[in-house]
Amino acid sequence: MPDIPDATPRARVRVPLRFADGYGVDAELVTFHGLTDGQEHLAVVLGEPGEVPLVRLHSECLTGDVFGSARCDCGPQLREAVERIADRGGVLLYLRQEGRGIGLYNKLDAYALQDEGLDTYAANAALGLPEDARDYTAAAQMLAALGITELDLLSNNPDKAAQLRTLGVAVRDRVPTGVFTTAHNVRYLRAKVLQTQHTLPLAELTAG
């Protein structure tokens, strides 16, 4: 088990969240001191977290979360996660890991290669970048600072659960998110299933 430095809550503030479809919920946003990667990650506490809260690790996606890009499913996943976590009680960790950790500009460069036929992982590799550069040590620190030692993880990505367990977080169950397909993201979603074993129904992800 790795020896992870402690992080501590820095500030807590209540913020009413409102989404374009009219859904709204009040949240508590928590910032932290001492995160190992030095990034400004954020915990969004929703509802009344119980002994085993529902938790999502959501990697920042400016294009999807803010601009509504149809090339990924990040925006709809964020919207779904907030409501599901609020209903049950838990935390959404909003992690500053744009483009699976490669950054916004590199992600857009990878988009250009995808337009030439490469999938999302091959495009990263063609740029000399990792297929997935995300490390969840800071997420484990944030959970510990919030007093969360066991959770149900809202995710289709088995690597998130595996990393958290390696970091000493007890993941009781991995709860799949919905499938949010568009004409522009089917190849992206298929690549996630085929390359990194995301738990999405492959039969639904047809290009037709």
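Everything here concerns the structure above.
Starting afresh in each chain, residues are numbered from 1 along the sequence in its written order. At least 70 in pLDDT is required for a residue's local features to be given in this predicted model, at least 80 for side-chain atom pairs to be given and counted, and no such filter applies to totals for whole chains, interfaces and linings, which use all residues. Hydrogens and water molecules were not included; the side-chain quantities draw on all heavy atoms of the structure.

Caption draft 1: Molecular detail of the pattern of salt bridges. Each reported salt bridge corresponds to a side-chain nitrogen of Lys or Arg within 4 Å of a carboxyl oxygen of Asp or Glu. Applying the stated criterion across every chain yields a total of 11 salt bridges. A salt bridge links Asp21 to Arg79, with the shortest nitrogen-to-oxygen separation between them at 2.8 Å. Here Asp21, found in the loop between β1 (8–18) and β2 (24–33), pairs with Arg79, found in helix α2 (residues 74–88); they are 58 residues apart in sequence, far enough to count as distant. Accessibility expressed as a relative area gives 17% for Arg79, which makes it buried. Each member of the salt-bridge network shares a partner with another, and the members are Asp21, Arg79 and Glu83. The helix and strand labels rest on DSSP assignments: H or I over at least four residues marks a helix, E over at least two residues marks a strand, and numbering proceeds from the N terminus. For each residue, the accessible area found with a 1.4 Å probe, counting protein chains only, is set against the maximum for its type, and the residue is called buried under 20%, exposed over 50%, and partly exposed in between.

Caption draft 2: How the structure looks around the side chain of Ser69. Tracing the backbone through its elements, the reader meets Ser69 in the loop between α1 (62–66) and α2. Among the polar contacts made by the side chain of Ser69, one reaches the main-chain amide nitrogen of Arg71 at a distance of 3.1 Å. In contact with Ser69, not counting residues within four places along its chain, are Thr63 and Gly64. Under the rule applied, a polar contact is a pair of N or O atoms within 3.5 Å (in protein, one hydrogen donor and one hydrogen acceptor; residues adjacent in sequence only if both atoms are side-chain atoms). In this description, contact between two residues means that some pair of their heavy atoms is separated by no more than 4.5 Å.

Caption draft 3: Spatial organisation of the sheet that holds strand β7 (residues 170–175). Spatially, β1-β2-β3-β5-β4-β6-β7 is the arrangement adopted by the 7 strands of the open sheet, whose pairing is mixed. Each edge of the sheet is formed by a strand with only one pairing partner; in this case those strands are β1 and β7. Neighbour-to-neighbour, the strand axes of the sheet open up by a mean angle of 30 degrees, direction not taken into account. Paired strands are those between which DSSP finds at least two bridges. Strand direction decides the pairing type here: strand β4 (residues 54–59) and strand β5 (residues 90–95), joined by 6 bridges, are parallel. For every element, the axis is a line fit to its C-alpha atoms; helices are fit only across the contacting stretch, and the angle between N-to-C directions ranges from 0 to 180 degrees.

Without other data, these values stay purely geometric and don't point to any function.
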